[in-house]
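Examining the three-dimensional arrangement
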Amino acid sequence: MTADAAPRPLVGIVMGSDSDYPVMRAAEEALAEFGIEVEVDVVSAHLPGMLASLTPLPVIGVPVPLKHLDGMDSLLSIVQMPAGVPVATVSIGGARNAGLLAARILSAGGDEHAAQLRERMVEFQEELRGLAMAKGEALRASR
């Protein structure tokens, strides 16, 4: 396979520090469940806003819980982007949801790959619904 034929990552997972990777690994794993290629890199701090100002593509911010303030500082810095620099934001430490949101964004396209992702997302949602129903049944049975 030539370098030109290698699959190109559809999602970039960019962190301010390699110490963020234990949190962000969940996004990478969620995307892998949908067969979505990712590129993981470390660039600089205050990433979501900086990236959103440089690209027309969607940016999803994941506030990473740090030693101080438990990620509230990260959350507030991401959600307070100025007008014209939109950044989607998930919960503190919510990298799995960031990965799932990226998969949903990719599934919104009109090509075959997007259609396959939509089908897989529907299956995933049905699996979640089944798990929730099973937990409810188990709870009712234990009372």
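Scroll up to find the structure this text is about.
In this report, the structure presented in the accompanying data block is examined.

Here is what the cut-offs are and how they apply
- By convention here, each chain's residues receive numbers from 1 onward along its written sequence.
- Since the coordinates come from a predicted model, pLDDT governs what is reported: local features require at least 70, and pairs of side-chain atoms require 80 or more to be given and counted, while whole-chain, interface and lining totals use all residues.
- Excluded from the side-chain calculation are hydrogens and water; included are all heavy atoms of the structure.
- For the purposes of this section, nonpolar cores are sets of buried Ala, Val, Leu, Ile, Met, Phe, Trp, Tyr and Cys residues that join through side-chain atoms within 4.5 Å.
- Throughout, exposure labels follow a simple rule: accessible area from a 1.4 Å probe, protein chains only, divided by the maximum for the residue type, with under 20% read as buried, over 50% as exposed, and the rest as partly exposed.
- The way it works is that DSSP assigns letters per residue, a run of H or I at least four long becomes a helix, a run of E at least two long becomes a strand, and they are numbered from the N terminus.
- Between two residues, a contact is recorded if the distance between any of their heavy atoms is within 4.5 Å.
- A helix is expected to span 1.5 Å for every residue after the first.
- Inter-axis angles, ranging from 0 to 180 degrees, are taken between N-to-C directions of lines fitted to C-alpha atoms, where helices are fitted over the stretch in contact.
- A clockwise turn of the near helix away from the far one marks a right-handed crossing, whereas an anticlockwise turn of less than a right angle marks a left-handed crossing.
- Residue polarity follows a fixed list, in which Ala, Val, Leu, Ile, Met, Phe, Trp, Tyr, Cys and Pro are nonpolar, Asp, Glu, Lys and Arg are charged, and the others, Gly among them, are polar.
- Like-charged residues within 9 Å of one another, or nonpolar side chains (Val, Leu, Ile, Met, Phe, Trp, Tyr) within 5 Å, are grouped into patches, provided each residue has over 30% relative accessible area and no salt bridge.
- In these tables, accessible area is a Shrake-Rupley quantity obtained with a 1.4 Å probe, and a residue counts as shielded only by the protein chains included in the view.
- Any carboxyl oxygen of Asp or Glu that lies within 4 Å of a side-chain nitrogen of Lys or Arg is treated as forming a salt bridge with it.

Before going further, it helps to examine the nonpolar core. Generally speaking, nonpolar side chains in soluble globular proteins are found buried as a group. Ranked by internal contacts, the top residues of the largest apolar core, which has 20 residues, are Val11, Ile13, Met24, Leu31, Phe34 and Ile36. Where this core is concerned, the elements lending two or more residues are strand E1 (11-15), helix H1 (21-33), helix H4 (95-106) and helix H5 (112-142). Considering each element in turn, this core owes the most residues, five residues, to H4. Residues contacting Val11, with those up to four places away along its chain left out, are Leu31, Ile36, Glu37, Val38, Glu39, Ala102 and Leu106. Judged by nonpolar contacts, the second largest core, of five residues, contains Ala52, Val59, Val85 and Val87.

Let us look at H4. Along an α-helix, a turn takes 3.6 residues, which lines up residues three or four apart on a common side. Helix length check: H4, at twelve residues, gives a terminal C-alpha distance of 17 Å against a target of 16 Å (1.5 Å per residue), a fit within 8%. Every buried residue of H4 is listed here: Ala95, Ala98, Gly99, Leu100, Ala102 and Ala103. Against E1, H1, strand E3 (60-61) and H5 lie the buried residues of H4.

This paragraph deals with the packing of H1 against H4. It is at 7 Å that the axes of H1 and H4 come closest, and there the two elements cross at 35°. Judged by the twist between their axes, the crossing of H1 over H4 is right-handed. Here Val23, Met24, Ala26, Ala27, Ala30, Leu31 and Glu33 of H1 lie close against H4, whose contacting residues are Ala95, Arg96, Gly99, Leu100, Ala102 and Ala103. Partitioned by chemical class, the residues of the contact of H1 with H4 number ten nonpolar, one polar and two charged.

With that settled, consider a nonpolar patch on the surface. A contiguous nonpolar patch, built from Leu69, Met72, Leu76 and Val79 and spanning about 370 Å² of accessible area, is present on the exposed surface. Following the sequence through the fold, Leu69 ends up in the loop between E3 and helix H3 (72-79).

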